[in-house]
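Each chain, written out:
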Amino acid sequence: MEKSKISVWLKKLLLCTLGYGIMSTGITVTLRTNFGVDPLSVLEEGLAQRLHTSFGNAAILVMVVMLAASALVDRRGIGFGTLYSVAVLGPFVTVAQTLLRDVPPPTTLPTRILTLLLGFLMLCVGSALVVGIRFGYHVRDIILFYLEERLGIPYRWWRIGIDCLCVLAGYLLGGPIGVGTILCALGSGPLITVFVDRYDRWILQPLGLGDPRNRMTRGGRPGAGWAEE
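Residues numbered from 1 in each chain as written. Predicted model: local features only at pLDDT ≥ 70, side-chain atom pairs only at ≥ 80, totals over all residues. Heavy atoms only, no water.

K.L.:
Explain the overall build of the protein to me, please; I cannot follow it from the model alone.
P.N.:
Helix and strand counts for the protein stand at eight helices and zero strands. Secondary structure elements of the protein occur, N-terminal to C-terminal, as α-α-α-α-α-α-α-α. Computed over the C-alpha atoms, the radius of gyration of the protein is 17 Å, within 12% of the 17 Å expected from 2.2 N^0.38 for a compact globule of 229 residues. When the backbone C-alpha atoms are referred to their principal axes, the protein occupies close to 50 × 35 × 30 Å. For the protein, the proportion of its 229 residues judged to be buried stands at 48%. By sequence separation, contacts in the protein at least 24 residues apart represent 74% of the contacts at least 6 residues apart. About 10,700 Å² of surface is accessible on the protein, with carbon and sulfur atoms providing 69% of the total. Within the protein, the 15 negative side-chain charges are centred at a point lying 2 Å from the centre of the 21 positive side-chain charges. (Helix = DSSP H or I, 4+ residues; strand = E, 2+ residues; numbered from the N terminus. Rg over C-alpha atoms; globule rule 2.2 N^0.38 Å. Buried < 20%, exposed > 50% of the residue type's maximum accessible area, 1.4 Å probe, protein only. Contact = heavy atoms within 4.5 Å. Areas by Shrake-Rupley, 256 points an atom, 1.4 Å probe, with all protein chains shown as cover. Lys, Arg positive; Asp, Glu negative; His and termini not counted. Charge placed at Lys NZ, Arg CZ, Asp CG, Glu CD.)

And the structure:
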């Protein structure tokens, strides 16, 4: 592998790790508000209760199932970052929960609302960074970008749809839902597309990692030729 390619690969690995770290912390922060959790976490929490296992283990199980489904639909979006997410996101959540275990959870309504918004923002920031790097999509996003390519409906709408399905399935399994869940289900897709565009211009392009597929909010269609180079 050429030295320049190794440098690009290491930069993407570092940013991908940062993205998943931010996502995991955001998930943990929202869990502490008791306002409900993000849609995928509703599914994972409900599954954890039914299987009598940890949240982290349930998260790994859900991602493995999604990875298998993504491989059947279209393998082009699967890259190192995809496999990396399956391996690290669940443990990252467990680590974040451990680190925040001794921090008192918010108790008053204003602090709970602010904590919820902080967790939601961190979740979207981390997710957008992972998408923008194009190092291999998160297992959920592989299918969504494939549907965008085939049907021409923007990613943000597919994201809202899949998030709502996760909420429904998780709720039926006993997962916690609340106002925070609704906020994430309806707001994550649109906010992620905004952050991806900003990342590409402000961070990724200066690092030599820019990608035209990241111009989601300026008329670009990441679905067109979205496979990993």
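There's more to say after this.
K.L.:
It is not clear to me how the packing of aromatic side chains should be interpreted in this structure. Could you clarify?
P.N.:
For any pair of aromatic rings, the description rests on two quantities: the centre-to-centre distance and the angle between the ring planes. Applying the stated criterion across every chain, the model contains seven aromatic pairs. Summarising the aromatic geometry, the rings of Trp9 and Phe135 are spaced 5.8 Å apart at their centres and angled 75° between planes, so their arrangement reads as edge-to-face. Here the residue Trp9 occupies a position in helix H1 (residues 3–31), and Phe135 occupies one in the loop between helix H5 (109–133) and helix H6 (139–151), the gap between them amounting to 126 residues. Residue classification places Trp9 among the partly exposed positions, given a relative accessible area of 31%. (Phe/Tyr/Trp six-rings, centres within 6.5 Å; stacked < 30°, edge-to-face > 60°.)

K.L.:
I tried to follow the packing of helix H3 (residues 55–73) against helix H4 (residues 80–99) on my own but got confused; where do I start?
P.N.:
When two helices pack together, their arrangement is given by the angle between the helix axes and the distance between those axes. In contact at an axis separation of 8 Å, H3 and H4 are set at 165° when each is read in the N-to-C sense. Relative to H4, H3 is oriented roughly antiparallel. Crossing handedness for the pair H3 and H4: right-handed. In this structure, H3 contributes Phe55, Gly56, Ala59, Ile60, Met63, Val64 and Leu67 to the contact, and H4 contributes Thr82, Leu83, Ser85, Val86, Leu89, Gly90, Pro91, Val93, Thr94 and Gln97. For the contact of H3 with H4, a count of residues per class yields eleven nonpolar, six polar and no charged. (Axes fitted to C-alpha atoms, helices over the stretch in contact; angles between N-to-C directions. Parallel < 35°, antiparallel > 145°, perpendicular 65-115°, else oblique. Left-handed = near helix turned anticlockwise from the far one by under 90°. Nonpolar A, V, L, I, M, F, W, Y, C, P; charged D, E, K, R; others polar.)

K.L.:
Got a minute to help me understand a nonpolar patch on the surface in this structure?
P.N.:
A cluster of nonpolar side chains, Ile6, Trp9, Leu10 and Phe80, forms an exposed patch at the surface whose accessible area comes to about 340 Å². For the nonpolar patch, the leading source of residues is H1, giving three residues. (Patch = residues over 30% accessible without salt bridge, like charges linked within 9 Å, V, L, I, M, F, W, Y side chains within 5 Å. Salt bridge = Lys/Arg side-chain N within 4 Å of Asp/Glu carboxyl O.)

K.L.:
Teacher, can you tell me more about unusual backbone geometry here?
P.N.:
In the Ramachandran plot, His52 falls in the positive-phi region, its phi being about 55° despite a non-glycine side chain. Here His52 shows up in the loop between helix H2 (39–51) and H3. Look at His52 and you get exposed, because its relative accessible area is 73%. Even without a glycine there, the phi angle at Arg134 is positive, about 55°.

K.L.:
Looking at this structure, how should I read helix H7 (residues 155–173)?
P.N.:
In an α-helix, one full turn covers 3.6 residues, which means residues spaced three or four apart are oriented alike. Under the 1.5 Å per step criterion, the end-to-end length of H7 is 27 Å for 19 residues, consistent within 8% with the ideal 27 Å. Looking at H7, one finds that the buried residues are Tyr155, Arg159, Ile160, Asp163, Cys166, Val167 and Gly170. Across the axial projection of H7, the buried residues extend over an arc of 135°, all falling on one side. Summarising the geometry of H7, the exposed residues directed more than 90 degrees from the buried face are Trp157, Leu165 and Leu172. Summarising the contacts, the buried residues of H7 are in contact with H2, H6 and helix H8 (179–204). At the exit of H7 stands Gly174, carrying a positive phi of roughly 105°. (Expected span 1.5 Å × (residues − 1). Arc of directions from axis to C-beta.)

K.L.:
Looking at this model, I keep getting lost on the state of the cysteines. Mind explaining?
P.N.:
Think of a disulfide as a covalent bridge from one cysteine sulfur atom to another cysteine sulfur atom. On inspection of all chains with the given rule, the structure shows zero disulfides. There is no disulfide at Cys16, and the cysteine sulfur nearest it, in Cys124, is 17 Å away. Residue class for Cys16 comes out buried when judged on its relative accessible area of 1%. Cys184 provides the cysteine sulfur closest to Cys124, a residue in no disulfide bond, and the two sulfurs are 6.6 Å apart. (Disulfide = S-S within 2.5 Å.)

K.L.:
Explain the side chain of Arg140 here, please?
P.N.:
In this structure, Arg140 sits in helix H6. Residue Arg140 is classed as buried on the basis of its relative accessible area of 7%. Side chain to side chain, Arg140 and Asp163 meet in a polar contact 3.4 Å long. With sequence-adjacent residues up to four places away left out, Arg140 is seen in contact with Leu40, Met66, Arg159, Ile162 and Asp163. (Polar contact = N/O pair within 3.5 Å; in protein donor to acceptor, adjacent residues only side chain to side chain.)

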